[in-house]
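Architecture at a glance
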Amino acid sequence: MQLTFNITTSPDDLGRYGSSDSLADMLRGFDGVELMCLGDDKNGIVKKDFVKGLHLGSFPYWLDFWNGDKEALLSEFGSLAECENHYGGTDRNALVRFFASELETAVRYAAEYVVFHVSDASVYEGFTRNYRHSSKEVIDASCELMNEVLSRSSYSGMLLLENLWVPGLTFTEPDMTKRLLDGIERKNKGIMLDTGHLFNTNTAIRTQEQGLEYINSMLDRHGSLSENIVGVHLSCSITGGYCAERMKHPPKLLPTYSERCMQMFEHAFRVDEHKPFTCAGVDKLIERIAPEYLTFEFISRSKDEHIRLLAQQRAALGI
């Protein structure tokens, strides 16, 4: 098992490191990082040999664009010009180009795997959880999209499909998990199981212990399909009470799409806390899954806080 932690190329992350040597010091005891590119690494802090995996960029809401549903897009964006600006084009080829470019980045870093979110929800749906599209629709479109992207790419590493708590891959419905795996036309594929995201599918969870029991029940439900889990994003997120309240009382959305996006991102970070998963039995969970890649995926406000969170997770696993 290879142990990594997540990092992005945003100034908030890379600003903590004055040089690649500083990041190398952070990597002692780890095999590398799972990188997400959010801008250029102008100072060359993340060296190629630091990178084990690349988290692809994503569009939380994209299925209506893929399907060419202009009425839905106008409702979400307010104008087709805003929609074109968001996706970088006027038709589904814009999405293909975007993800093909992401895979080119994976090739440059020689990433052993890439991570793709299989999910879709509009801004308002993210608050209410009353969705227009089913997991089946999102999965089928995701297979179309990724099969087209992969057919145009020289990337030869593994495609790992990540679960979220909105329609798509939730890892709560084995038939949908199987449908996704069967629909991706690539042998080199698997699941990136995000434990925090799985917490978020059940608003009744109030403790880490309940979350651990729930995750084990989903593994039981999936049976042999669980053998397709290649990687784990390890964190916990106990926000069921907040989510239940927001579902009953969603906020009034602001007038512009950019303002509504900020509302959505603030909400998403309230839902998905990315905190260490430290209760008794977490080590047994990882032993049960036996992933090839284990990524500590946390949100931190400083380098010192990040070091502290990583140490907490290592201690919980007996590393």
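Quick note: structure is the one above.
Computed from a prediction, not measured in an experiment: that's the story for all the values here.

Looking only at helices and strands, the chain features 15 helices and 8 strands. With the C-alpha coordinates of the chain rotated into their principal frame, the extents come out at 55 × 45 × 40 Å. Sorting the 319 residues of the chain into buried and exposed places 56% on the buried side. Counted over contacts in the chain with a minimum sequence separation of 6, partners at least 24 positions apart contribute 79%. Here the chain carries 33 positive and 46 negative side-chain charges, and the mean point of each set is 1 Å from the other.

What follows is about the packing of helix α14 (residues 282-289) against helix α15 (residues 303-317). Think of two packed helices as two axes; the pair is described by the angle between the axes and how far apart they sit. Direction vectors running N to C along α14 and α15 enclose 75°, while the axes themselves pass 7 Å from each other. With respect to α15, the element α14 is oriented roughly perpendicular. Along the contact surface, α14 presents Val 282, Asp 283 and Ile 286, while α15 presents Gln 313, Ala 316 and Leu 317. Of the residues assigned to the contact of α14 with α15, the class counts are 4 nonpolar, 1 polar and 1 charged.

With that settled, consider unusual backbone geometry. Even without being a glycine, Phe 171 presents a positive backbone phi close to 60°. Among the structural elements, Phe 171 can be located in the loop between β5 (158-162) and α9 (174-183). For Phe 171, a relative accessible area of 1% puts it in the buried group. With a phi angle near 55°, His 274 is a residue other than glycine that sits in the positive phi range. Among the residues examined, His 274 registers a relative accessible area of 10% and is labelled buried.

The next thing to look at is the environment of Asp 220. For Asp 220, the position within the fold is in helix α11 (residues 208-222). Distance in space between the C-alpha atoms of Asp 220 and Ser 135 is 21 Å, their sequence separation being 85 residues. At a separation of 2.5 Å, a polar atom in the side chain of Asp 220 contacts the side chain of Arg 288.

Summarising burial for strand β4 (residues 113-117): 5 of the 5 residues are buried, a large majority. Here β4 shows no split at all, with Tyr 113, Val 115 and His 117 on one side and Val 114 and Phe 116 on the other all buried. The pairing of β4 with β5 spans 5 bridges and is parallel. When the sheet's bridge partners are listed, His 117 is paired in β5 with Glu 162.

Time to look at the side chain of Ser 22. Mapped onto the elements, Ser 22 comes out in helix α2 (residues 20-26). The buried category is assigned to Ser 22, whose relative accessible area is 14%. Aside from chain neighbours lying at most four places away, what touches Ser 22 is Arg 16, Tyr 17 and Lys 303.

A few words on the sheet that holds strand β1 (residues 2-8). Taken together, the 8 strands give a closed barrel; going around it, the order is β1-β2-β3-β4-β5-β6-β7-β8, and neighbouring strands pair in parallel fashion. Within the sheet, the average angular offset between the axes of one strand and its neighbour, ignoring direction, is 30°. Across 4 bridges, strand β6 (residues 189-194) lies against strand β7 (residues 229-234) in parallel orientation. Looking at the pairing, Met 192 lines up with Gly 231 of β7. The strands touched by helix α6 (residues 93-109) are β2 (32-36), β3 (51-55) and β4; relative to β3, the strand with the most contacts, the crossing angle is about 175°. Across the face of the sheet, α9 comes into contact with β5 and β6 while running at roughly 140° to β6.

Taken residue by residue, α14 has Val 282, Leu 285, Ile 286 and Ile 289 as its buried positions. The arc enclosing the buried residues of α14, seen along the axis, measures out at 95°, which places them on a common side. For α14, exposure combined with an orientation more than 90 degrees from the buried face picks out Lys 284 and Glu 287. Buried positions along α14 lie against β6, α11, β7, β8 (293-296) and α15.

Time to look at the nonpolar core. Counting 89 residues, the largest nonpolar core has Leu 23, Leu 145, Phe 277 and Phe 296 as the members making the most contacts within it. Residue contacts for Leu 145: discarding those within four places in its chain leaves Trp 62, Trp 66, Leu 95, Val 96, Phe 99 and Phe 116.

Rules used throughout
Once a new chain begins, its residue numbering starts again from 1 and follows that chain's sequence as written. Under the rules for a predicted model, residues below a pLDDT of 70 receive no local features and side-chain atom pairs below 80 are neither given nor counted, while totals for whole chains, interfaces and linings still include all residues. Side-chain descriptors were evaluated using all non-hydrogen atoms of the structure, hydrogens and water having been removed beforehand. Numbering of helices and strands starts at the N terminus; helices are DSSP runs of H or I of at least 4 residues and strands are runs of E of at least 2. Residue burial is assigned from relative accessible area. The probe radius is 1.4 Å, only protein chains are included, and a residue is buried under 20% of its type maximum, exposed over 50%, and partly exposed in between. In this description, contact between two residues means that some pair of their heavy atoms is separated by no more than 4.5 Å. Neither His nor the chain ends contribute to the count of charged residues, in which Lys and Arg are positive and Asp and Glu negative. Note on charges: their place is set at NZ of Lys, CZ of Arg, CG of Asp or CD of Glu. What counts as an axis is a line fitted to C-alpha atoms, over the stretch in contact for a helix, and the angles between N-to-C directions run from 0 to 180 degrees. In these notes the angle categories are as follows: under 35 degrees is roughly parallel, over 145 is roughly antiparallel, 65 to 115 is roughly perpendicular, and the rest is oblique. Residue type decides the class: Asp, Glu, Lys and Arg count as charged, Ala, Val, Leu, Ile, Met, Phe, Trp, Tyr, Cys and Pro as nonpolar, and the leftover types, Gly among them, as polar. A 3.5 Å cut-off defines polar contacts: any pair of N or O atoms within that distance qualifies, except that in protein one atom must be a possible hydrogen donor and the other a possible acceptor, and neighbouring residues in sequence count only when both atoms are side-chain atoms. Here a strand pair is declared whenever DSSP counts at least two bridges between the two strands. By arc we mean the arc of the directions from the helix axis to the C-beta atoms, nothing more. Residues enter a nonpolar core if they are buried and are Ala, Val, Leu, Ile, Met, Phe, Trp, Tyr or Cys, with the set joined through side-chain atoms within 4.5 Å.

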